[in-house]
Amino acid sequence: MRERKKQLTYQAVSDAAIALFLERGFDKVSVAEVAAAADISKPTLFRYFPAKEDLVLHRFADHEDEPARVVAARPAGESPLDALHRHFLDGLDRRDPVTGLCDAPEVLAFMRLLYGTPALAARMYAYQGRSEAALADALGGGLPERIAAGQIVAVLRILALDNWRRIDAGESADEVRVGAARAADAAFAQLRTGLEAAWRTGPGATPGG
């Protein structure tokens, strides 16, 4: 119950902050104003969110270790890249905002806030760095695995950003879907060409066995 209450507080404060940021702009809203809107004190807010940017990027917190979880939970005999490829395509079908393929008005507004605010876009790299580290551990933790994780996370980011840019330019998610799947297929094929060959010949155990 305590953890549930904590999560509800995170969500409520984040929702209040994002509503203000969408209305007036991230840089024009103070942390004190967010605390007042959420009916908590400023010190309490900082106990939940160490930085102002985290009020927005909290939405991505559940996705930080998602690639690592996909790799860890993959069926026996499935390679890490195949599992991640399958998961990304499934995300496209579900119009998961993390894939960039979502044209729901509230998601579009949020993504415009994120990519249109330099401080938020820069903070995203910290989240992606933690995602990369978790994936590297899931792959085995060695130097080849850390390099692979960096490449994989970069590919996922680039695919999502390309999908988002097309939708932001006026295309619907349905219009972008086929091209997004083809781009993902090509990107993972490129990863397999380089990464799986390196895993077979490089030092240490091959990720995935």
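Scroll up to find the structure this text is about.
Bear in mind the structure is a predicted one, so any value in this text is a computation, not a measurement.

Let's shift gears to helix α8 (residues 118-139). With 22 residues, α8 extends 32 Å from end C-alpha to end C-alpha; this agrees with the ideal 32 Å at 1.5 Å per step. Leu-120, Met-124, Tyr-127, Gln-128, Ser-131, Leu-135, Ala-136 and Leu-139 are the residues of α8 that are buried. Backbone geometry just downstream of α8 places Gly-140 in the positive-phi region, at approximately 140°.

Moving on, we come to the packing of aromatic side chains. According to the stated counting rule, one finds five aromatic pairs in the structure shown. Taking the centre distance of 5.3 Å and the plane angle of 85° together, the rings of Tyr-10 and Phe-49 count as edge-to-face. On the criterion of sequence distance, the pair formed by Tyr-10 in helix α1 (residues 2-24) and Phe-49 in the loop between α3 (42-48) and α4 (54-57) is long-range, its members being 39 residues apart. By way of ring pairs, the aromatic residues Tyr-10, Tyr-48 and Phe-49 are connected into one cluster. Its guanidinium or amino end placed over the ring of Phe-26, Lys-52 lies 4.4 Å from that ring's centre, counting from NZ or CZ. In this structure, Arg-130 is placed above the aromatic ring of Tyr-127, and the distance from its NZ or CZ to the ring centre is 4.7 Å.

This part covers the pattern of salt bridges. Applying the stated criterion to the full structure yields 13 salt bridges. The residue Arg-177 makes a salt bridge to Asp-93 at a minimum N-O spacing of 2.6 Å. Taken as a pair, Arg-177 in helix α10 (residues 173-201) and Asp-93 in helix α6 (residues 80-93) lie far apart in primary sequence, 84 residues in all. For Asp-93, a relative accessible area of 47% translates into the label partly exposed. Where salt bridges share partners, they join Asp-90, Arg-94 and Asp-96 into one cluster.

It is worth spelling out the nonpolar core at this point. Formed by 57 residues in total, the largest nonpolar core has its most connected members in Phe-21, Val-34, Leu-55, Val-56, Leu-135, Ile-152 and Phe-188. If sequence neighbours within four positions are ignored, Val-56 has contacts with Ile-18, Phe-21, Phe-26, Phe-110, Leu-113 and Leu-120.

For the rest of this paragraph, the subject is the environment of Leu-57. Following the sequence through the fold, Leu-57 ends up in helix α4. Put simply, Leu-57 and Glu-132 are 75 residues apart on the chain and 16 Å apart in space, counted from C-alpha to C-alpha. Those residues in contact with Leu-57 that sit more than four places away from it in its chain are Leu-114, Leu-120, Arg-123, Met-124 and Tyr-127.

A separate point is the packing of α8 against helix α9 (residues 143-168). Relative orientation of the contacting elements α8 and α9 amounts to 135°, with a least axis distance of 8 Å. Classed by the angle they form, the pair α8 and α9 counts as oblique. Relative to α9, α8 is oriented so that their crossing is right-handed. Residues Tyr-125, Gln-128, Ser-131, Glu-132, Leu-135, Ala-136 and Leu-139 of α8 lie in contact with α9, whose contacting residues are Glu-145, Arg-146, Ala-148, Ala-149, Gly-150, Ile-152, Val-153 and Arg-157. Residue classes in the contact of α8 with α9 are distributed as eight nonpolar, three polar and four charged.

Bringing the environment of Gln-128 into the picture now. Among the secondary structure elements, Gln-128 is positioned in helix α8. Residue Gln-128 is classed as buried on the basis of its relative accessible area of 17%. Along the sequence, Gln-128 and Ala-154 sit 26 residues apart, while their C-alpha atoms lie 8.6 Å from each other. Every residue in contact with Gln-128, bar those within four places of it in the chain, is listed here: Val-153 and Arg-157.

Each value, and the rule that gives it
Residues numbered from 1 in each chain as written. Predicted model: local features only at pLDDT ≥ 70, side-chain atom pairs only at ≥ 80, totals over all residues. Heavy atoms only, no water. Helix = DSSP H or I, 4+ residues; strand = E, 2+ residues; numbered from the N terminus. Expected span 1.5 Å × (residues − 1). Buried < 20%, exposed > 50% of the residue type's maximum accessible area, 1.4 Å probe, protein only. Phe/Tyr/Trp six-rings, centres within 6.5 Å; stacked < 30°, edge-to-face > 60°. Lys NZ or Arg CZ within 6 Å of the ring centre and 35° of its normal. Salt bridge = Lys/Arg side-chain N within 4 Å of Asp/Glu carboxyl O. Core = buried A, V, L, I, M, F, W, Y, C linked by side-chain atoms within 4.5 Å. Contact = heavy atoms within 4.5 Å. Axes fitted to C-alpha atoms, helices over the stretch in contact; angles between N-to-C directions. Parallel < 35°, antiparallel > 145°, perpendicular 65-115°, else oblique. Left-handed = near helix turned anticlockwise from the far one by under 90°. Nonpolar A, V, L, I, M, F, W, Y, C, P; charged D, E, K, R; others polar.

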